[in-house]
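A closer look at the structure
Residues per chain are reported as follows:
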Amino acid sequence: MLICDRFVFIHMHKTAGTWLNEILKASAPTDWNLYEVDGGEPDSHQAYESIPESHRHLPRLALVRNPYDWYVSMYSMWRNRYLTGVTGGSEEVRTPFGHPESEWDVGERAWGPLLVGAPGGPAGFQGAIQRGAFFPPNLAAAPFTDVLAELTGDEPTYYGYFESLVPDLCEFFDAIGVELPIEIVSAFSTRAPVNVSRRPRDWRPFYDDTTRGLVEHYDRKTLDVFDYTFEGLRHA
C-alpha cells in the first residue's frame, strides 16, 4: 500500500500494482510525502484497515483484472515460484498475501503444493482446480472476490482496470485534481511490465466448462460489478 498527502493506493495482487508502485516510488514529488505501508515486507498487500486515521479521508485507488485472466496468472506465478523455490520458505508460501488468514489462506495451504506436480498450460490449470486449487470445498467466496473485498472493504474506491490501465490512471489523477509530473506520465507509457507470468496472454484456452463455471458461479458479483465476461470487458 502506498500513502501520500493526495491519495492512497491499495495493491491488489496480479493487477500491475508492483509496476505502479515502482513508478510512484521512483518519481513522486517530494511534497506528496509518499511512503509505503508494508507490514515489514516490501510490496506487500495491506488492507484498508492499515490506512492511518489521518489519511482515511483521501481518495483511494485500487486496480482490478478480469477474474478469468487473474486465476490463470496467479496459477502461473505460484507454480513457477514453487518449482523454482523463490518463495523464501514454507511459511511465506503458506500465507503469501500478508493479510490476516482468510478462508482462501486456509484452502491455499492445501492446494499450494498441488502446483509443484502440475504440468504447465491448460491441463495443469484444470487439473489443479479439480484437485481443490483456488476453489476448495465449502468455499463461500472465490479468491478474487474474497481478497478484493478484504483489501478495499466497503469504502469508496476508484477502481482502475488492468485492461485499460494508463487511461484509467490518468482519469483518476485528473478527477482528484493531481497534476502528474512528466516523469510519471512518461513512465506510464515506457516502463515495462514487471512480475509477468510465463504463459500465453489468452486465458480462454486454459478453461473447460467445469473450471469456467466455477469462476462464473463464485465470482458472479465481481463479474457483474466490473462488467467482465469470459471474453473480456463488455464495455471495452
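These figures come from a predicted structure and were not determined experimentally.

1. Some remarks on the confidence of the model for the protein chain
For the protein chain, per-residue confidence averages 83 on the pLDDT scale, and residues scoring 70 or more make up 81% of the total. Segment residues 86-101: pLDDT under 50, and 29 contacts once partners within four positions in sequence are set aside and those in other chains are kept.

2. Observations regarding the packing of helix 1 (residues 17-27) against helix 9 (residues 182-190)
One way to put it is that helix 1 packs onto helix 9 with a least axis distance of 9 Å and a crossing angle of 155 degrees. Overall, the two elements helix 1 and helix 9 adopt an arrangement that is roughly antiparallel. Relative to helix 9, helix 1 is oriented so that their crossing is right-handed. In this structure, helix 1 uses Trp19, Leu20, Ile23, Leu24 and Ser27 to contact helix 9, whose residues at the interface are Glu183, Ile184, Ala187 and Phe188. Per-class residue counts for the contact of helix 1 with helix 9 are seven nonpolar, one polar and one charged.

3. Digging into the nonpolar core
Val64, Tyr71, Phe125, Phe134, Phe135 and Tyr207 are the most contacted members of the largest nonpolar core, which totals 42 residues. Looking at this core, the elements that each hand over two or more residues are strand 2 (8-10), strand 4 (60-64), helix 2 (67-84), helix 6 (121-130), helix 7 (143-152) and strand 5 (158-161). Broken down by element, the residue count for this core peaks at eight residues, all from helix 2. Core analysis: the second largest hydrophobic core is formed by 22 residues, Cys4, Phe7, Leu20 and Ala28 among them.

4. A short note on the sheet that holds strand 1 (residues 2-3)
Reading across the sheet, the five strands line up as 3-1-2-4-5 and stay open at both edges, with mixed pairing between neighbours. Looking at the sheet topology across the chains shown, the edges are occupied by strand 3 (35-36) and strand 5. By the bridge criterion, four bridges tie strand 4 to strand 5 in an arrangement that is parallel. Within strand 5, the residue paired with Leu61 across the bridge is Tyr158. Helix 7 rests against strand 2, strand 4 and strand 5 of the sheet, and its axis sits at about 170 degrees to strand 4. Helix 8 (residues 165-175) rests against strand 4 and strand 5 of the sheet, and its axis sits at about 155 degrees to strand 5.

5. With respect to the environment of Asp202
The residue Asp202 is located in the loop between helix 9 and helix 10 (209-218) in this model. Put simply, Asp202 and Asp69 are 133 residues apart on the chain and 7.8 Å apart in space, counted from C-alpha to C-alpha. Here the side chain of Asp202 touches Arg204 through a polar contact of 3.0 Å, side chain to side chain.

6. Quick look at the packing of aromatic side chains
Enumeration over the complete set of coordinates arrives at 20 aromatic pairs. Taken together, a centroid distance of 5.2 Å and an interplanar angle of 80 degrees make the contact between Phe7 and Phe173 edge-to-face. Placement of the pair is Phe7 in the loop between strand 1 and strand 2 and Phe173 in helix 8, with a sequence separation of 166 residues. Residue Phe7 is classed as buried on the basis of its relative accessible area, which comes to 1%. Between Tyr68 and Phe230 the ring centres are 5.1 Å apart and the planes differ by 85 degrees, which places this aromatic pair in the edge-to-face class. Pair noted here: Tyr68 is in helix 2 and Phe230 is in the segment after helix 11 (220-225), with a separation of 162 residues, a long-range link. Overall, Phe230 belongs to the buried group, its relative accessible area being 10%. The ring of Phe162 carries the charged tip of Arg65 above its face, separated from the ring centre by 3.9 Å.

Thresholds, definitions, all that
- Residues numbered from 1 in each chain as written.
- Predicted model: local features only at pLDDT ≥ 70, side-chain atom pairs only at ≥ 80, totals over all residues.
- Heavy atoms only, no water.
- pLDDT = per-residue confidence, 0-100.
- Contact = heavy atoms within 4.5 Å.
- Axes fitted to C-alpha atoms, helices over the stretch in contact; angles between N-to-C directions.
- Helix = DSSP H or I, 4+ residues; strand = E, 2+ residues; numbered from the N terminus.
- Parallel < 35°, antiparallel > 145°, perpendicular 65-115°, else oblique.
- Left-handed = near helix turned anticlockwise from the far one by under 90°.
- Nonpolar A, V, L, I, M, F, W, Y, C, P; charged D, E, K, R; others polar.
- Core = buried A, V, L, I, M, F, W, Y, C linked by side-chain atoms within 4.5 Å.
- Buried < 20%, exposed > 50% of the residue type's maximum accessible area, 1.4 Å probe, protein only.
- Pairing = 2+ DSSP bridges.
- Polar contact = N/O pair within 3.5 Å; in protein donor to acceptor, adjacent residues only side chain to side chain.
- Phe/Tyr/Trp six-rings, centres within 6.5 Å; stacked < 30°, edge-to-face > 60°.
- Lys NZ or Arg CZ within 6 Å of the ring centre and 35° of its normal.

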